[in-house]
Amino acid sequence: MIDVHTHLHPPRLFAAIRRWFAERSEWDLAAHPTEPHAVAAALRAAGVERFVFFSYAHRAGMARDLNEWLASAARDLGGFGLPLATVHLDDATYAGDMRSALDDGCIGLKVHEDVQRLGVDDARFDPVYRTLADRGAFLLAHVGPIPWSYPRDAGAARIARVLERHPDLNVVVAHFGAPDTLRYFELMARHPRLYLDTTMVFAANSPVGNLAGIETTLIEAHAARILYGTDFPNIPYPYDRERAGIERLGLPAEALEAILRGNAARLIANAL
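These numbers were taken from a predicted model, which means no experiment stands behind them.

1. A closer look at the sheet that holds strand β7 (residues 194-197)
1) Next: In spatial order, the strands read β4-β5-β6-β7-β8; together these 5 strands make up an open sheet with parallel pairing. The sheet terminates laterally at β4 (108-112) and β8 (226-227), the two strands that pair on one side only.
2) Next: In terms of strand pairing, β4 meets strand β5 (residues 138-142) through 5 bridges, oriented parallel. When the sheet's bridge partners are listed, V111 is paired in β5 with A141.
3) Next: Helix-sheet contacts for helix α7 (residues 154-165) involve β5, β6 (170-173) and β7, and the interaxial angle to β6 is about 170 degrees.
4) Next: Against the sheet, helix α8 (residues 181-188) engages β6 and β7, with an angle of about 150 degrees to β7.

Dropping the structure here:
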């Protein structure tokens, strides 16, 4: 497997994130590690060949230091983990921060609309997206405040605007685009560089899962544009549940391999 959606953060930031979940949700995350080598060891033990990780700048003034930490962590992990950078649009040097992060080994950008309070279609991202497209890097976007309330179709409309302005940009939408998955499937017909990741959608009893009305035949038809992701270690259940949920779909072997590994391998190779 290649897991394209995991979290690593500097210790103080990770501790703050864990406190947030403990105080504001019913998720019990204590069973999973936060130290980078421990996270990597858990993933390797679960059969992961490589993983993509990230953090996010939730305010101005922290993106550059975060990117340096992410790139350093990747080197310390010997390339087993591959970092996505973060930028904040209120930083005067955000476009340069993106270029520097790519030069330092990052393979793309993570945007988390809810945490960062930044719309993925904000026109200020345009120079960043042009850089990503030029370098073969990709954007992983958490669109809207999943798993909390979410206005239908609004996030998909923002992603559509990004792809219309940047047709050469590879864009991965987190959490299978839920609850707008069918809308994203429609967009894929017009945008060949649009992907979805599976994060927290197929795991049994996941608090995020939302596959109402999505038939397995549709998933199979779009298997070439689906990537395996988990949100590890910020998940309130064992790591293997996401893969088990995908395997329960009964997809053909070729489709299963594409989702669990092949699609991500090609996307990563394009970015390296």
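2. Some words on the pattern of salt bridges
1) Next: Across all of its chains, the model carries 11 salt bridges by this definition.
2) Next: Two residues, E113 and R158, come together in a salt bridge whose shortest N-O distance is 2.6 Å. Of this pair, E113 sits in helix α5 (residues 113-116) while R158 sits in helix α7, and the two are 45 residues apart along the sequence. For the pair formed by E113 and R158, the shared burial category is buried.
3) Next: Here D121 ties to R161 by a salt bridge, and the two come within 2.8 Å at their closest N and O atoms. Of this pair, D121 sits in the loop between α5 and α6 (126-135) while R161 sits in helix α7; the two residues are 40 residues apart in sequence, bridging distant segments of the chain.

3. Structural notes on the sheet that holds strand β3 (residues 81-84)
1) Next: Strand order across the open sheet formed by 3 strands is β1-β2-β3, with parallel pairing between neighbours. Strands at the two margins of the open sheet, each flanked by one partner only, are β1 (2-7) and β3. Each strand of the sheet is rotated relative to its neighbour by a mean of 30 degrees, with strand direction disregarded.
2) Next: In this structure, strand β2 (residues 50-54) lies alongside β3, joined through 4 bridges in parallel fashion. Pairing of V52 across the sheet is with L82, part of β3.
3) Next: Taken strand by strand, helix α11 (residues 253-271) contacts β1, β2 and β3, and its axis lies near 75 degrees from that of β1.

What counts, and at which threshold
Residues numbered from 1 in each chain as written. Predicted model: local features only at pLDDT ≥ 70, side-chain atom pairs only at ≥ 80, totals over all residues. Heavy atoms only, no water. Pairing = 2+ DSSP bridges. Helix = DSSP H or I, 4+ residues; strand = E, 2+ residues; numbered from the N terminus. Contact = heavy atoms within 4.5 Å. Axes fitted to C-alpha atoms, helices over the stretch in contact; angles between N-to-C directions. Salt bridge = Lys/Arg side-chain N within 4 Å of Asp/Glu carboxyl O. Buried < 20%, exposed > 50% of the residue type's maximum accessible area, 1.4 Å probe, protein only.

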